[in-house]
Amino acid sequence: MLVPLQASAVGGFTVVALLVLALAVITIWQSVEIVDATEKRALTVFGEYRKLLEPGINFVPPFVSATHRFDMRTQTLDVPRQEAITRDNSPVTADAVVYIKVMDAKKAFLEVEDYKRAVSNLAQTTLRAVLGDMELDDTLNKRQEINAKIRRELDEPTDEWGIRVESVEVREVNPSKDVQQAMEQQTSAERKRRAMILEAQGERRSAIETAEGDKQSNIIRAQGEKQSQILEAQGDAVSTVLRAKSAESMGERAVIDKGMETLESIGQGESTTFVLPQELSSMLGRYGKHLTGSDVKEDNGELDSLDFDEETRELIGLDNIEEILGQIDEEAEMDVEAMEQEAQAIKEGEDPANIKSADEVIEEMDEESPDIEDVEAEMDAEVEK
């Protein structure tokens, strides 16, 4: 009977030892708290707040303590889509994203039950309030202003919870379908209006360019006509001078021919005494020496045909004609240069009012050109000499 009793006692002792060992392991396990580097934990003993556990190994009372985890990194909270009425009574919907960070884990544990849900609910109401205080156009265009207002509204209450709102981003603001259709119609009408304005401006610019081109073409054409008239007038003046001089020369030739016929008839008469007019003898003496094959002898030799001497050239006005032609060419060349300068000035946008008309240029050319009457008077004076 003793052997079974001893065996039973040994077996009971082993069970107790195992239970004590297990209890010790559990106690040690409950006494050690390992905190990650990205978080902090609030320690409570019998439900009472004691302290914050820092990252690393921490020892806590076993079986009677509890810890609450707080992530110390920046966290993202999605704000559900909210409906709001703007100041001008336009319905809109909007959603946002809030970035928060736990700055004081003790306040986040003691001051608010669930700081994430609290911040999300507060952001929803703030978003509706901010949108309701703005015009529709402002809600669509001033996104940064909406973000700043929501952040300012969230800062004060979240500070009491130990939470910092780092930023708020409104993702989209959408008006109602009716408003969207009206906006699309307005945008389409605005585009059509701008297209019509651009088209009208293009037509106006084209008309201006065409008118400017026609104006320059007319001016250049007028300059050409003016130059043509000037050259034609100068040509008529030279032709008149030449005809006058030719007529005078032919008159003298006719007088000489008539005198020769008279001499011939006188020579056939019986009288040996002849009376010749002084004018006829003078003209015969001046022109006879230029006649090729003349019977007039000088120093027992026959005279050769010669060029016109200075007196004859002055009589028939050859030198004056060359001078007149030179003046005409010079004035014509100067006038062409002036015309080109005026055309260039018109192309460069200068005032065409300063351009002289064709009649003014002709009057100036007539003033500068030699007078035909003066030339004829000079020729008559030479003939009388």
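Residues numbered from 1 in each chain as written. Predicted model: local features only at pLDDT ≥ 70, side-chain atom pairs only at ≥ 80, totals over all residues. Heavy atoms only, no water.

As annotated in an unreviewed UniProt entry, the protein chain is SPFH/Band 7/PHB domain protein from Halorussus gelatinilyticus. Here the protein chain is described in UniProt, under the heading Subcellular location (unreviewed entry), as follows: "Membrane". Listed under Sequence similarities (unreviewed entry) in UniProt, the entry text for the protein chain is "Belongs to the band 7/mec-2 family." (UniProt positions renumbered as here; feature names shortened; annotations may be inferred.)

Attention now moves to the packing of helix α3 (residues 115-132) against helix α5 (residues 143-160). Interhelical geometry of α3 versus α5 gives an angle of 135° and a closest axis separation of 9 Å. Overall, the two elements α3 and α5 adopt an arrangement that is oblique. Along this stretch, α3 crosses α5, giving a crossing that reads as right-handed. Seen from α3, the contacting residues are Val 119, Leu 122, Ala 123, Thr 126, Leu 127, Val 130 and Leu 131; seen from α5, they are Ile 146, Lys 149, Ile 150, Glu 153, Leu 154, Pro 157 and Thr 158. Along the lines of polarity and charge, the residues of the contact of α3 with α5 split into ten nonpolar, two polar and two charged. (Axes fitted to C-alpha atoms, helices over the stretch in contact; angles between N-to-C directions. Helix = DSSP H or I, 4+ residues; strand = E, 2+ residues; numbered from the N terminus. Parallel < 35°, antiparallel > 145°, perpendicular 65-115°, else oblique. Left-handed = near helix turned anticlockwise from the far one by under 90°. Contact = heavy atoms within 4.5 Å. Nonpolar A, V, L, I, M, F, W, Y, C, P; charged D, E, K, R; others polar.)

This paragraph deals with α3. Counted at 1.5 Å a residue, the expected span for α3 with its 18 residues is 26 Å, and the 26 Å between its end C-alpha atoms agrees. Of all the residues in α3, the buried ones are Tyr 115, Ala 118, Val 119, Ser 120, Ala 123, Gln 124, Thr 126, Leu 127, Val 130 and Leu 131. (Expected span 1.5 Å × (residues − 1). Buried < 20%, exposed > 50% of the residue type's maximum accessible area, 1.4 Å probe, protein only.)

Okay, unusual backbone geometry next. Trans peptide bonds make up most of the peptide bonds, and negative phi angles are found at most residues other than glycine. Notably, Phe 46 is not glycine yet its phi reads approximately 55°, a positive angle. Structurally, the position occupied by Phe 46 is in the loop between β2 (39-45) and β3 (48-53). A positive phi angle, close to 60°, is found at Asn 89, a residue other than glycine. With respect to the secondary-structure elements, Asn 89 resides in the loop between β6 (75-85) and β7 (91-102).

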